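Survey of secondary and tertiary structure
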Amino acid sequence: MKRIFALVLVAVVGILLFSGIYSMEGFPRYGEAEVSERVSMSYIDKNVTRENQEVVFGVSENLETGSANIVTSIIVNYRSFDTLGEVTVLFVSALGVSLLFGSFEGRLRSRYKPNFILRTGSKVVFPLILVMGAYIFIHGHLSPGGGFPGGSMIASAILLMYLADEDFRVRIDDFKKTEGIAGAMYVLLGLVGLMISNYFLSNFLDTGTVGTLFSAGIIPVVYVLVGLKVGSELTGIITDFLKGEVE
Amino acid sequence: MIQYAGIMLILIGIYGLLTQSNIIKIIVSLNIFELGLNVFIISVGFVREGIAPILTSVNNHNGLVFVDPLPQALVLTAIVIGLGTTALGLAFARSIYRQHGTLNLDEIGGPSNG
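Here's a quick rundown of the structure. Everything numeric in this text was worked out from a predicted model, so none of it was measured.

About the cut-offs
Residues numbered from 1 in each chain as written. Chains lettered and ligands numbered in written order. Predicted model: local features only at pLDDT ≥ 70, side-chain atom pairs only at ≥ 80, totals over all residues. Heavy atoms only, no water. Helix = DSSP H or I, 4+ residues; strand = E, 2+ residues; numbered from the N terminus. Rg over C-alpha atoms; globule rule 2.2 N^0.38 Å. Buried < 20%, exposed > 50% of the residue type's maximum accessible area, 1.4 Å probe, protein only. Contact = heavy atoms within 4.5 Å. Areas by Shrake-Rupley, 256 points an atom, 1.4 Å probe, with all protein chains shown as cover. Lys, Arg positive; Asp, Glu negative; His and termini not counted. Charge placed at Lys NZ, Arg CZ, Asp CG, Glu CD. Core = buried A, V, L, I, M, F, W, Y, C linked by side-chain atoms within 4.5 Å. Salt bridge = Lys/Arg side-chain N within 4 Å of Asp/Glu carboxyl O.

What follows deals with the overall build of chain B. Looking only at helices and strands, one finds 3 helices and 0 strands in chain B. Here the C-alpha atoms of chain B give a radius of gyration of 20 Å, more than 25% beyond the 13 Å that 2.2 N^0.38 yields for 114 residues. Referenced to the eigenvectors of the C-alpha coordinate spread, the extents of chain B come out at roughly 70 × 25 × 15 Å. Burial statistics for chain B: of 114 residues in total, 38% are counted as buried. For chain B, the proportion of contacts with a sequence separation of at least 24, taken over those separated by at least 6, is 49%. If you sum the accessible surface of chain B, you get close to 5,900 Å²; carbon and sulfur atoms cover 67% of it. Charge-centre separation for chain B: the mean point of 4 positive side chains lies 11 Å from the mean point of 5 negative side chains.

A word on the nonpolar core. Across soluble globular proteins, nonpolar side chains show a tendency to be buried alongside one another. A:Val97, A:Tyr162, A:Val222, A:Val226, A:Ile237 and A:Phe241 are the most contacted members of the largest nonpolar core, which has 56 residues in total. Mapped onto this core, the elements with two or more residues apiece are α2 (40–45), α3 (70–78), α4 (80–100), α5 (116–138), α6 (147–164), α7 (172–197) and α8 (219–241) of chain A together with α3 (69–100) of chain B. Ranked by residue count, the leading element in this core is α8(A), at 10 residues. Contact partners of A:Val222, with chain neighbours within four places excluded, come to A:Val76, A:Tyr186 and A:Leu189. A:Phe27, B:Ile7, B:Leu11 and B:Ile14 belong to the second largest nonpolar core, which has 9 residues in total.

A few words now on the pattern of salt bridges. Summed over all chains, the structure comprises 5 salt bridges over all chains. Among the ionic pairs, A:Arg38 bridges to B:Asp68, the shortest N-O distance being 2.6 Å. Of this pair, A:Arg38 sits in the loop between α1 (2–22) and α2 while B:Asp68 sits in the loop between α2 (23–44) and α3, on two different chains. Classification of A:Arg38 by relative accessible area gives partly exposed; the value is 23%. Between A:Asp240 and A:Lys243 there is a salt bridge, with its nearest N and O atoms 3.8 Å apart. By relative accessible area, which is 8% here, A:Asp240 ends up buried.

And the structure:
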């Protein structure tokens, strides 16, 4: 009975969605979006507040953001306040997880012992994953990736160590400190921008040449901070989930 | 096409949310819902023959046809928040299991009907 009712409801919602979306005036058909008529075009041309000028990889200097990855320039420059809120949401959920697991003792144990290859191989792979994670968040303004994927990769390296070694423990207090310092630095950077150019999180550093590592002003700095924060936060979540013993 | 697939995933997610009573399955349904929504938002900005919105030494100037970067930026935010809600939901699931010994919402007895 419940299932039939749910099916009817889903069918009604589906018909409403399909008819509502595809009869809407101005909704683009799939693959025919007119980017040049949208606000995104000024993000691509980097002319939100400045005059129109040509952007050429490796040549143009002192642009509005100087980030070769346009998605990154939106996330960490034009809509950086949004990212600060996003990082706060992640922090609050990590806090909630650690509150819920506060009364759990000990550590979960797998029914199977980690074998020799996993134990030895993880020690070889662990530093490589850490370096790859750091590479991804340092190069967030040049290549796909950024602080969030890089941070998740660092947390995945810690998860691998937890799976490979039953007695492995991270010093979780150090991760908590890293997280707090990185988050506070992000807000401080925003306040420095407020002091120098009158709005919060403005890009006050020199933006350099598009496509070089030291370019894009505060974008790489913010992404390193976000990477460290997300990495330590996810490590905290993983550590909390491994608490508790199964009877 | 991809856009219809996104809407279908949204509908599957809603169906799961309405019918399932196991907490883990509810969280999985929520994730399917979210995935469909993300696929739909990304598909709104898709341009046929468009390239990824990253300047490289090959695609090196702003006159090329790029895919709309704004939906991608918004979806990145949505993915991270989805991760946060999923982690919190799973933490609730474990603490409910410890308190009641079951993950099925129908089997949890309150003080009045237990």
